[in-house]
Amino acid sequence: MFTEEIKALAAQYAENAVNIRRMLHTMPELEFNEFKTSGYIASVLDTLSIPYKRGYAGGTGICAVISGAPEGRTVAVRADIDALPITEETNLPFASEHEGCMHACGHDAHVAIALCTAFILNELKDSLSGSIKFFFQPAEEGEGGAEKMIEEGVLQSPKVDVCIGGHVMPDYPTGTIAYRPGPLMASPDNFEIEVIGEGGHGAYPEKCVNPIVAAAEIIKRLTALTDKNVPRVVSVCTIDGGRSENVIPTTVRLRGTARTFTPEERETLSLLIGGVAKEAAAEYGAAVNYKFIPLYPALINNDKITDMFVSSAKQILGEAALVKAPAVSMTGDDFSYFARAVPSTYVHIGCRNESVGAIYPLHHSKFTVDEAAIPIAAMCYAQFAVDYLGKR
(Lines give C-alpha, C1' and ligand atoms only; values in the text may rest on other atoms or scores of the structure.)
Protein backbone atom coordinates (compact mmCIF):
# COMPACT_ATOMS: atom_id res chain seq x y z
CA MET A 1 0.00 0.00 0.00
CA PHE A 2 1.36 3.40 -1.13
CA THR A 3 4.74 1.81 -1.90
CA GLU A 4 5.30 3.64 -5.17
CA GLU A 5 4.13 6.92 -3.66
CA ILE A 6 6.55 6.45 -0.75
CA LYS A 7 9.46 5.77 -3.11
CA ALA A 8 8.64 8.84 -5.18
CA LEU A 9 8.33 11.08 -2.13
CA ALA A 10 11.60 9.76 -0.68
CA ALA A 11 13.37 10.64 -3.92
CA GLN A 12 11.75 14.08 -3.85
CA TYR A 13 12.89 14.82 -0.29
CA ALA A 14 16.23 12.96 -0.24
CA GLU A 15 18.38 16.02 -0.93
CA ASN A 16 16.58 18.02 1.75
CA ALA A 17 17.08 15.21 4.27
CA VAL A 18 20.80 14.98 3.47
CA ASN A 19 21.16 18.74 3.92
CA ILE A 20 19.44 18.45 7.30
CA ARG A 21 21.91 15.78 8.36
CA ARG A 22 24.84 17.96 7.29
CA MET A 23 23.53 20.99 9.14
CA LEU A 24 23.03 18.92 12.28
CA HIS A 25 26.53 17.49 11.88
CA THR A 26 28.01 20.99 12.17
CA MET A 27 26.30 21.63 15.53
CA PRO A 28 26.78 18.55 17.74
CA GLU A 29 25.78 18.98 21.38
CA LEU A 30 26.17 16.77 24.43
CA GLU A 31 23.40 15.18 26.47
CA PHE A 32 20.66 17.49 27.77
CA ASN A 33 22.36 20.46 26.10
CA GLU A 34 21.04 19.96 22.57
CA PHE A 35 19.42 23.40 22.43
CA LYS A 36 20.61 24.44 18.94
CA THR A 37 19.78 20.97 17.66
CA SER A 38 16.29 21.10 19.16
CA GLY A 39 15.70 24.56 17.75
CA TYR A 40 16.78 23.49 14.30
CA ILE A 41 14.49 20.43 14.36
CA ALA A 42 11.60 22.68 15.40
CA SER A 43 12.33 25.03 12.50
CA VAL A 44 12.12 22.14 10.03
CA LEU A 45 8.81 20.99 11.53
CA ASP A 46 7.56 24.57 11.21
CA THR A 47 8.21 24.54 7.45
CA LEU A 48 5.85 21.55 7.19
CA SER A 49 3.27 22.96 9.61
CA ILE A 50 3.60 19.79 11.68
CA PRO A 51 2.46 20.50 15.25
CA TYR A 52 4.89 19.71 18.04
CA LYS A 53 5.64 20.33 21.68
CA ARG A 54 9.12 21.19 22.94
CA GLY A 55 10.70 21.09 26.38
CA TYR A 56 10.70 17.39 27.20
CA ALA A 57 13.44 15.72 29.23
CA GLY A 58 15.05 18.83 30.58
CA GLY A 59 14.18 21.14 27.73
CA THR A 60 15.49 19.74 24.44
CA GLY A 61 13.12 16.85 23.70
CA ILE A 62 10.42 17.27 21.06
CA CYS A 63 7.23 15.33 20.32
CA ALA A 64 5.62 16.01 16.93
CA VAL A 65 2.34 14.57 15.61
CA ILE A 66 1.04 13.98 12.09
CA SER A 67 -2.68 13.25 12.30
CA GLY A 68 -4.76 11.20 9.92
CA ALA A 69 -8.17 9.85 10.87
CA PRO A 70 -8.67 10.46 14.62
CA GLU A 71 -10.22 7.06 15.28
CA GLY A 72 -7.18 5.10 14.10
CA ARG A 73 -4.09 3.78 15.88
CA THR A 74 -0.82 5.61 16.51
CA VAL A 75 2.72 4.73 15.41
CA ALA A 76 5.73 6.43 17.02
CA VAL A 77 9.14 6.99 15.42
CA ARG A 78 12.04 7.74 17.75
CA ALA A 79 15.28 9.56 16.88
CA ASP A 80 18.04 10.40 19.38
CA ILE A 81 19.65 13.83 19.00
CA ASP A 82 22.78 14.06 21.19
CA ALA A 83 26.44 13.82 20.23
CA LEU A 84 29.70 12.63 21.82
CA PRO A 85 32.73 14.37 23.42
CA ILE A 86 35.04 13.42 20.54
CA THR A 87 37.23 15.68 18.39
CA GLU A 88 36.23 15.12 14.77
CA GLU A 89 38.90 14.07 12.24
CA THR A 90 36.78 13.49 9.13
CA ASN A 91 37.84 16.63 7.21
CA LEU A 92 34.29 16.83 5.88
CA PRO A 93 33.23 20.25 4.54
CA PHE A 94 30.38 20.14 7.09
CA ALA A 95 32.51 18.91 10.02
CA SER A 96 31.70 19.84 13.60
CA GLU A 97 31.97 23.51 14.47
CA HIS A 98 31.85 22.70 18.19
CA GLU A 99 35.37 21.92 19.41
CA GLY A 100 35.69 18.52 21.07
CA CYS A 101 32.16 17.45 20.16
CA MET A 102 31.08 15.25 17.27
CA HIS A 103 28.18 13.26 15.89
CA ALA A 104 30.33 10.12 15.98
CA CYS A 105 27.37 7.80 16.54
CA GLY A 106 25.17 8.92 13.66
CA HIS A 107 22.41 10.63 15.61
CA ASP A 108 22.45 13.42 13.03
CA ALA A 109 21.47 10.77 10.47
CA HIS A 110 18.79 9.41 12.83
CA VAL A 111 17.15 12.83 13.02
CA ALA A 112 17.37 13.23 9.25
CA ILE A 113 15.75 9.81 8.78
CA ALA A 114 12.89 10.71 11.13
CA LEU A 115 12.33 14.07 9.43
CA CYS A 116 12.46 12.48 5.97
CA THR A 117 9.84 10.01 7.21
CA ALA A 118 7.78 12.98 8.39
CA PHE A 119 8.10 14.64 4.96
CA ILE A 120 6.72 11.50 3.34
CA LEU A 121 3.90 10.79 5.78
CA ASN A 122 2.82 14.42 5.93
CA GLU A 123 2.02 14.14 2.22
CA LEU A 124 -0.01 10.96 2.81
CA LYS A 125 -1.77 11.88 6.06
CA ASP A 126 -5.18 12.55 4.51
CA SER A 127 -5.23 8.96 3.26
CA LEU A 128 -4.22 7.35 6.55
CA SER A 129 -6.22 6.04 9.45
CA GLY A 130 -4.53 7.15 12.65
CA SER A 131 -1.52 9.23 13.62
CA ILE A 132 2.27 9.19 13.61
CA LYS A 133 4.28 10.64 16.47
CA PHE A 134 7.93 11.60 16.23
CA PHE A 135 10.11 11.60 19.34
CA PHE A 136 13.31 13.64 19.10
CA GLN A 137 14.99 12.45 22.26
CA PRO A 138 18.00 13.89 24.08
CA ALA A 139 20.78 12.15 25.97
CA GLU A 140 20.84 8.62 24.58
CA GLU A 141 24.61 8.52 25.07
CA GLY A 142 24.57 9.13 28.78
CA GLU A 143 21.93 9.23 31.45
CA GLY A 144 19.17 8.69 28.91
CA GLY A 145 16.22 10.87 27.94
CA ALA A 146 13.74 8.18 26.88
CA GLU A 147 12.46 7.39 30.36
CA LYS A 148 12.02 11.09 31.11
CA MET A 149 10.02 11.67 27.94
CA ILE A 150 7.77 8.73 28.75
CA GLU A 151 7.23 10.02 32.29
CA GLU A 152 6.27 13.38 30.79
CA GLY A 153 3.53 11.80 28.67
CA VAL A 154 4.77 11.39 25.09
CA LEU A 155 3.10 7.99 24.81
CA GLN A 156 -0.31 9.54 25.51
CA SER A 157 -2.71 11.91 23.73
CA PRO A 158 -2.94 10.14 21.36
CA LYS A 159 -1.94 6.87 22.95
CA VAL A 160 0.95 5.18 21.13
CA ASP A 161 0.28 1.61 19.99
CA VAL A 162 3.70 0.74 18.55
CA CYS A 163 7.12 2.37 18.37
CA ILE A 164 9.96 1.95 15.87
CA GLY A 165 13.54 3.16 15.83
CA GLY A 166 16.91 2.33 14.38
CA HIS A 167 20.63 2.95 14.39
CA VAL A 168 22.96 3.49 11.46
CA MET A 169 25.44 0.64 11.49
CA PRO A 170 28.71 0.47 9.52
CA ASP A 171 28.77 -3.32 9.95
CA TYR A 172 26.21 -3.56 7.13
CA PRO A 173 26.36 -2.11 3.61
CA THR A 174 24.06 0.70 2.59
CA GLY A 175 20.78 -0.65 1.29
CA THR A 176 20.45 -3.34 3.94
CA ILE A 177 18.47 -3.44 7.17
CA ALA A 178 19.45 -5.84 9.96
CA TYR A 179 16.75 -7.00 12.35
CA ARG A 180 16.44 -9.40 15.26
CA PRO A 181 13.26 -10.43 17.09
CA GLY A 182 13.54 -10.65 20.87
CA PRO A 183 16.71 -9.58 22.71
CA LEU A 184 18.81 -7.17 20.66
CA MET A 185 20.90 -4.91 22.92
CA ALA A 186 22.16 -5.26 26.48
CA SER A 187 21.65 -3.30 29.69
CA PRO A 188 24.65 -0.91 29.70
CA ASP A 189 25.22 -0.59 33.44
CA ASN A 190 28.22 1.06 35.11
CA PHE A 191 30.29 0.26 38.18
CA GLU A 192 32.84 2.06 40.33
CA ILE A 193 35.44 0.47 42.60
CA GLU A 194 37.65 2.35 45.02
CA VAL A 195 40.64 0.24 46.08
CA ILE A 196 41.98 1.34 49.45
CA GLY A 197 45.53 0.50 50.55
CA GLU A 198 48.28 2.18 52.57
CA GLY A 199 50.49 4.63 50.75
CA GLY A 200 54.14 5.37 51.27
CA HIS A 201 57.56 5.63 49.65
CA GLY A 202 58.02 3.68 46.45
CA ALA A 203 61.40 2.50 47.74
CA TYR A 204 59.72 0.61 50.60
CA PRO A 205 56.81 -1.36 49.11
CA GLU A 206 57.01 -3.84 51.99
CA LYS A 207 55.86 -1.06 54.32
CA CYS A 208 52.82 -0.28 52.15
CA VAL A 209 49.68 -1.86 50.78
CA ASN A 210 49.87 -0.90 47.13
CA PRO A 211 46.34 -0.39 45.77
CA ILE A 212 47.66 -0.34 42.21
CA VAL A 213 48.83 -3.94 42.51
CA ALA A 214 45.49 -4.94 44.04
CA ALA A 215 43.66 -3.03 41.30
CA ALA A 216 45.62 -4.92 38.64
CA GLU A 217 44.46 -8.23 40.10
CA ILE A 218 40.88 -6.96 40.27
CA ILE A 219 41.00 -5.92 36.62
CA LYS A 220 42.35 -9.32 35.62
CA ARG A 221 39.60 -11.19 37.45
CA LEU A 222 36.79 -8.90 36.33
CA THR A 223 37.87 -9.24 32.71
CA ALA A 224 37.58 -13.01 33.08
CA LEU A 225 33.88 -12.60 33.94
CA THR A 226 33.08 -11.76 30.32
CA ASP A 227 31.26 -14.70 28.78
CA LYS A 228 29.71 -14.37 25.33
CA ASN A 229 27.80 -17.63 25.89
CA VAL A 230 25.68 -16.15 28.71
CA PRO A 231 25.96 -13.46 27.24
CA ARG A 232 27.60 -10.90 29.52
CA VAL A 233 30.47 -8.46 29.36
CA VAL A 234 32.53 -6.81 32.10
CA SER A 235 35.06 -4.18 31.03
CA VAL A 236 37.18 -1.93 33.23
CA CYS A 237 37.53 1.25 31.21
CA THR A 238 39.21 3.80 33.48
CA ILE A 239 41.86 3.63 36.19
CA ASP A 240 42.89 6.60 38.31
CA GLY A 241 45.55 6.39 40.99
CA GLY A 242 48.93 7.83 41.86
CA ARG A 243 50.52 11.12 40.93
CA SER A 244 54.26 10.54 41.45
CA GLU A 245 56.82 8.02 40.26
CA ASN A 246 58.10 7.34 43.79
CA VAL A 247 54.92 7.57 45.87
CA ILE A 248 52.65 4.58 46.39
CA PRO A 249 49.13 6.03 46.58
CA THR A 250 46.52 5.24 49.18
CA THR A 251 43.65 4.75 46.72
CA VAL A 252 42.98 3.74 43.15
CA ARG A 253 39.64 4.19 41.42
CA LEU A 254 38.35 1.90 38.71
CA ARG A 255 35.28 2.48 36.54
CA GLY A 256 33.74 0.23 33.95
CA THR A 257 30.69 -1.21 32.25
CA ALA A 258 28.67 -4.37 32.86
CA ARG A 259 26.41 -5.73 30.11
CA THR A 260 23.62 -8.29 30.56
CA PHE A 261 20.22 -9.19 29.08
CA THR A 262 17.96 -10.27 31.93
CA PRO A 263 17.08 -8.73 35.30
CA GLU A 264 18.29 -11.93 36.99
CA GLU A 265 21.67 -11.89 35.29
CA ARG A 266 21.95 -8.17 35.96
CA GLU A 267 21.51 -8.71 39.70
CA THR A 268 23.83 -11.71 39.69
CA LEU A 269 26.58 -9.81 37.89
CA SER A 270 26.24 -6.83 40.21
CA LEU A 271 26.90 -9.05 43.22
CA LEU A 272 29.63 -10.98 41.43
CA ILE A 273 31.64 -7.89 40.50
CA GLY A 274 31.56 -6.66 44.08
CA GLY A 275 32.51 -10.04 45.48
CA VAL A 276 35.38 -10.57 43.06
CA ALA A 277 36.76 -7.10 43.75
CA LYS A 278 36.58 -7.55 47.53
CA GLU A 279 38.21 -10.99 47.43
CA ALA A 280 41.04 -9.94 45.10
CA ALA A 281 41.79 -6.81 47.12
CA ALA A 282 41.83 -8.73 50.41
CA GLU A 283 44.56 -11.02 49.10
CA TYR A 284 46.83 -7.95 48.93
CA GLY A 285 45.68 -6.49 52.23
CA ALA A 286 43.52 -3.85 50.57
CA ALA A 287 39.83 -3.00 50.93
CA VAL A 288 37.25 -1.77 48.42
CA ASN A 289 34.26 0.53 48.20
CA TYR A 290 31.97 -0.68 45.43
CA LYS A 291 29.05 0.92 43.63
CA PHE A 292 26.90 -0.62 40.87
CA ILE A 293 25.03 1.97 38.81
CA PRO A 294 22.09 0.55 36.80
CA LEU A 295 21.33 2.51 33.65
CA TYR A 296 18.60 1.29 31.34
CA PRO A 297 17.15 -2.15 30.66
CA ALA A 298 18.02 -4.49 27.84
CA LEU A 299 16.35 -3.74 24.51
CA ILE A 300 13.89 -6.52 23.69
CA ASN A 301 12.15 -6.35 20.32
CA ASN A 302 8.55 -7.46 19.97
CA ASP A 303 8.45 -10.50 17.67
CA LYS A 304 5.19 -9.56 15.93
CA ILE A 305 6.11 -5.92 15.32
CA THR A 306 9.57 -6.94 14.10
CA ASP A 307 8.00 -9.35 11.60
CA MET A 308 5.63 -6.61 10.43
CA PHE A 309 8.49 -4.16 9.97
CA VAL A 310 10.49 -6.70 7.98
CA SER A 311 7.48 -7.38 5.76
CA SER A 312 7.04 -3.65 5.10
CA ALA A 313 10.74 -3.08 4.44
CA LYS A 314 10.83 -5.93 1.94
CA GLN A 315 8.24 -4.07 -0.14
CA ILE A 316 10.72 -1.20 -0.40
CA LEU A 317 14.09 -2.94 -0.61
CA GLY A 318 13.39 -6.54 -1.64
CA GLU A 319 13.83 -9.68 0.40
CA ALA A 320 17.61 -9.94 0.06
CA ALA A 321 18.16 -6.55 1.72
CA LEU A 322 16.64 -7.68 5.04
CA VAL A 323 19.27 -9.49 7.09
CA LYS A 324 18.71 -11.19 10.42
CA ALA A 325 21.42 -10.04 12.83
CA PRO A 326 23.55 -13.11 13.63
CA ALA A 327 23.89 -12.31 17.34
CA VAL A 328 22.76 -9.96 20.05
CA SER A 329 24.70 -6.73 20.50
CA MET A 330 26.41 -5.94 23.78
CA THR A 331 25.90 -2.23 23.17
CA GLY A 332 22.93 -0.53 24.80
CA ASP A 333 20.27 2.00 23.87
CA ASP A 334 17.58 3.62 25.98
CA PHE A 335 15.04 2.97 23.24
CA SER A 336 14.60 -0.02 25.54
CA TYR A 337 12.24 2.10 27.66
CA PHE A 338 9.93 2.61 24.68
CA ALA A 339 10.18 -1.09 23.85
CA ARG A 340 9.25 -1.97 27.41
CA ALA A 341 6.25 0.37 27.39
CA VAL A 342 4.67 -0.52 24.01
CA PRO A 343 5.25 -3.22 21.35
CA SER A 344 8.29 -2.00 19.46
CA THR A 345 11.12 -2.88 17.14
CA TYR A 346 14.59 -1.41 16.67
CA VAL A 347 16.68 -2.15 13.60
CA HIS A 348 20.23 -1.59 12.38
CA ILE A 349 20.46 0.51 9.23
CA GLY A 350 23.33 -0.36 6.91
CA CYS A 351 25.47 2.71 6.15
CA ARG A 352 28.81 1.25 5.06
CA ASN A 353 30.24 2.42 1.74
CA GLU A 354 34.00 2.47 1.17
CA SER A 355 33.68 4.86 -1.78
CA VAL A 356 32.50 7.67 0.52
CA GLY A 357 34.72 6.78 3.47
CA ALA A 358 31.90 5.28 5.53
CA ILE A 359 34.07 2.50 6.93
CA TYR A 360 34.88 3.55 10.49
CA PRO A 361 33.16 2.11 13.57
CA LEU A 362 30.72 3.96 15.79
CA HIS A 363 32.35 6.44 18.21
CA HIS A 364 35.42 6.80 15.97
CA SER A 365 36.77 10.29 15.27
CA LYS A 366 36.53 9.58 11.51
CA PHE A 367 33.08 8.00 11.60
CA THR A 368 30.67 9.04 8.88
CA VAL A 369 27.65 7.55 7.15
CA ASP A 370 26.74 6.91 3.56
CA GLU A 371 23.96 9.47 3.25
CA ALA A 372 22.10 7.29 0.78
CA ALA A 373 21.02 5.30 3.84
CA ILE A 374 18.84 8.22 5.02
CA PRO A 375 16.02 8.04 2.43
CA ILE A 376 16.32 4.24 2.38
CA ALA A 377 15.54 4.00 6.08
CA ALA A 378 12.85 6.70 5.83
CA MET A 379 11.05 4.70 3.14
CA CYS A 380 11.05 1.62 5.37
CA TYR A 381 9.76 3.60 8.36
CA ALA A 382 7.03 5.19 6.26
CA GLN A 383 5.98 1.91 4.69
CA PHE A 384 5.66 0.31 8.11
CA ALA A 385 3.55 3.23 9.34
CA VAL A 386 1.08 3.10 6.46
CA ASP A 387 0.87 -0.69 6.58
CA TYR A 388 0.20 -0.64 10.32
CA LEU A 389 -2.31 2.22 10.25
CA GLY A 390 -4.11 1.31 7.04
CA LYS A 391 -6.15 3.52 4.73
CA ARG A 392 -8.55 6.12 6.01
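In case you missed it, the structure is sitting above this.
Please read all numbers here as calculations on a predicted model, not as lab measurements. (Residues numbered from 1 in each chain as written. Predicted model: local features only at pLDDT ≥ 70, side-chain atom pairs only at ≥ 80, totals over all residues. Heavy atoms only, no water.)

Visitor: Would you mind going over the overall build of the chain with me for this structure?
Guide: Scanning the chain from N- to C-terminus turns up nine helices and 16 strands. The C-alpha atoms of the chain give a radius of gyration of 23 Å, which matches the 21 Å a tight globule of 392 residues would have. Counting only C-alpha atoms and orienting by the principal axes, one finds that the chain spans roughly 80 × 45 × 40 Å. Each of the 392 residues in the chain was classed as buried or not, and the buried ones make up 56%. (Helix = DSSP H or I, 4+ residues; strand = E, 2+ residues; numbered from the N terminus. Rg over C-alpha atoms; globule rule 2.2 N^0.38 Å. Buried < 20%, exposed > 50% of the residue type's maximum accessible area, 1.4 Å probe, protein only.)

Visitor: I'm lost on the side chain of Ser336 in this one. Help?
Guide: Structurally, Ser336 can be placed in helix α8 (residues 335-341). Every residue in contact with Ser336, bar those within four places of it in the chain, is listed here: Tyr296, Pro297, Ala298 and Leu299. (Contact = heavy atoms within 4.5 Å.)

Visitor: Can you walk me through the pattern of salt bridges in this structure?
Guide: As a working rule, side chains carrying opposite charge can pair if their charged atoms are close by. Summed over all chains, the structure comprises 15 salt bridges. Measuring nitrogen to oxygen at the nearest pair gives 2.8 Å for the salt bridge that ties Asp333 to Arg78. You can see Asp333 sitting in the loop between β15 (322-324) and α8 and its partner Arg78 sitting in strand β3 (residues 69-80), a full 255 residues away along the chain. Assessed through its relative accessible area of 3%, Arg78 is described here as buried. Between Glu194 and Arg253 there is a salt bridge, and its shortest N-O distance comes to 2.9 Å. Residue Glu194 is located in strand β8 (residues 187-196), and its partner Arg253 is located in strand β12 (residues 251-260); the two are separated by 59 residues in the primary sequence. Glu194 sits in the buried class, given a relative accessible area of 18%. Overlapping salt bridges bring together Arg21, Arg22, Asp108 and Glu371 as one network. (Salt bridge = Lys/Arg side-chain N within 4 Å of Asp/Glu carboxyl O.)

Visitor: Would you mind showing me how to read the sheet that holds β8 here?
Guide: Pairing between the strands of a sheet comes from backbone hydrogen bonds, and it takes one of two forms, parallel or antiparallel. Read across the open sheet, the four strands follow the order β10-β12-β8-β13; overall the sheet is antiparallel. This sheet does not close on itself; its edge strands, each paired only once, are β10 (233-240) and β13 (287-293). Adjacent strand axes in the sheet meet at a mean angle of 20°, parallel and antiparallel pairs treated alike. Bridge count for β10 against β12 is seven bridges, and the pairing is antiparallel. Each residue of the ladder has a partner; that of Val236, found in β12, is Gly256. (Pairing = 2+ DSSP bridges. Axes fitted to C-alpha atoms, helices over the stretch in contact; angles between N-to-C directions.)

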